[in-house]
Amino acid sequence: MGLLDSILGRGRPVRPDLDQLFAVPSTVLTLEAGTGFSPTGLGSVCFAGVEGAAFARVREEVRELLDADTGRGGVPVEFSGDDYGYTWLLSRQASGTEGTASLVNDLHAVNTLLQDGGFGPHLLCSLIGFRDQEDRPLALVYLYKRGTFYPFAPVPGGEERRDSQLELQVRAVLGDDLRVEEDLSRWFPVWAAPGLRTEP
């Protein structure tokens, strides 16, 4: 950092800490005990759509990496787009605590491949899906550029409403386990996230 940057209070951008994702498996038991939500085995990565041969190559590398176990009964990854022009990659693992570590490994690998391929600025977030016994959805959303998490709890029924009380409850339960985003204005809704679906 140069003298002018110091004087103006500018710093180098902080490199995203993808290893924060590895804190999720150890928080699952805390979340289950405190709220009754269990992991669905669904998780996704969201990034801004990019065109060009370089991105197509990285996207194919992601698919090859995560589809490597389909010959042994694994489920292929799925790419989809939303109404806002973002691309989502959906990964599926076993539901419950046993599949969470594998799911986090998948999400970490996708983020890393895109970051190392020069597409880090296009990464937005990753999420891990949960459900409770009442079939209410919940996601832990990881903000790539912030290295923080926040809970997103859409109200079931198709309307774009969120359960703010549940989100604050989850924040209180996980505050000691995860780096929770303190700025509530950054708790963006992710209505189109495929990781919130209930399909097996």
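In the block above lies the structure referred to throughout.
Remember, it's a predicted structure, so these values are computed and weren't measured experimentally.

Caption draft 1: Summary view of the pattern of salt bridges. Applying the stated criterion across every chain yields a total of eight salt bridges. For Asp 135, the salt bridge is made with Arg 131, and the minimal N-O distance between the two is 3.5 Å. By relative accessible area, Arg 131 is classed as buried at 16%. Linked through salt bridges whose partners overlap, the residues forming this network are Asp 132, Glu 134, Arg 136 and Asp 163.

Caption draft 2: View of the pairing of strand S4 (residues 123–131). Within S4, eight of the nine residues are buried, leaving the element largely enclosed by the surrounding structure. Here seven bridges tie strand S1 (residues 38–48) to S4, and the two strands are oriented antiparallel to one another. What sits directly across from Ser 38, in S4, is Arg 131. Direction of pairing for S4 relative to strand S5 (residues 137–143): antiparallel, over a ladder of seven bridges. Considered in S5, the bridge of Leu 127 is made with Val 141. Counted between consecutive antiparallel strands, the loop separating S4 from S5 contains five residues, among which Asp 135 sits at a positive phi close to 65°.

Caption draft 3: Just unusual backbone geometry, in detail. The backbone of Asp 135 shows a phi angle near 65°, a positive value even though the residue is not glycine. By relative accessible area, Asp 135 is classed as partly exposed at 43%.

Caption draft 4: Structural view of the sheet that holds S5. Here six strands make up an open sheet; going across it, the order is S2-S3-S1-S4-S5-S6 and the pairing antiparallel. Here the strands that pair on one side only, and so sit at the sheet edges, are strand S2 (78–81) and strand S6 (148–152). Neighbour-to-neighbour, the strand axes of this sheet turn through a mean angle of 25°, independent of strand direction. Along the sheet, helix H4 (residues 97–119) makes contact with S1, strand S3 (86–92) and S4, crossing S1 at roughly 10°.

Caption draft 5: Local environment of the pairing of S5. The buried count for S5 comes to seven of seven residues, which makes it a mostly enclosed element. Here S5 shows two buried faces, one formed by Pro 137, Ala 139, Val 141 and Leu 143 and the other by Leu 138, Leu 140 and Tyr 142. Of the strand pairs in this sheet, S5 and S6 are connected by five bridges, and their pairing is antiparallel. Residue Leu 143 lies in a different strand from S6, and its bridge partner there is Thr 148. Counting the residues in the hairpin turn of S5 and S6 gives four residues, including Gly 147, whose phi is positive at 70°.

Caption draft 6: Highlighting the packing of aromatic side chains. Tallied over the full model, the rule gives three aromatic pairs. Judged by centre distance (5.1 Å) and plane angle (55°), the rings of Tyr 142 and Phe 149 are tilted. Note on Tyr 142: relative accessible area 0%, which makes it buried. Relative to Trp 191, the ring of Phe 152 has its centre 5.2 Å away and its plane inclined at 75°; by these criteria the two rings are edge-to-face. With Phe 152 in strand S6 and Trp 191 in the segment after helix H5 (164–174), this pair connects stretches of sequence that are 39 residues apart. On the accessibility criterion, Phe 152 (0% relative accessible area) is buried.

Caption draft 7: Representation of the environment of Thr 40. Mapped onto the secondary structure, Thr 40 falls in strand S1. A sequence separation of 53 residues divides Thr 40 from Gln 93, and the C-alpha atoms of the two residues are 8.3 Å apart. Excluding residues within four positions of it along the chain, Thr 40 makes contact with Gln 93, Ser 95, Gly 129, Phe 130, Arg 131 and Gly 195. At 3.2 Å, the side chain of Thr 40 and the backbone nitrogen of Leu 42 are in polar contact.

About the thresholds
- Residues numbered from 1 in each chain as written.
- Predicted model: local features only at pLDDT ≥ 70, side-chain atom pairs only at ≥ 80, totals over all residues.
- Heavy atoms only, no water.
- Salt bridge = Lys/Arg side-chain N within 4 Å of Asp/Glu carboxyl O.
- Buried < 20%, exposed > 50% of the residue type's maximum accessible area, 1.4 Å probe, protein only.
- Helix = DSSP H or I, 4+ residues; strand = E, 2+ residues; numbered from the N terminus.
- Pairing = 2+ DSSP bridges.
- Axes fitted to C-alpha atoms, helices over the stretch in contact; angles between N-to-C directions.
- Contact = heavy atoms within 4.5 Å.
- Phe/Tyr/Trp six-rings, centres within 6.5 Å; stacked < 30°, edge-to-face > 60°.
- Polar contact = N/O pair within 3.5 Å; in protein donor to acceptor, adjacent residues only side chain to side chain.

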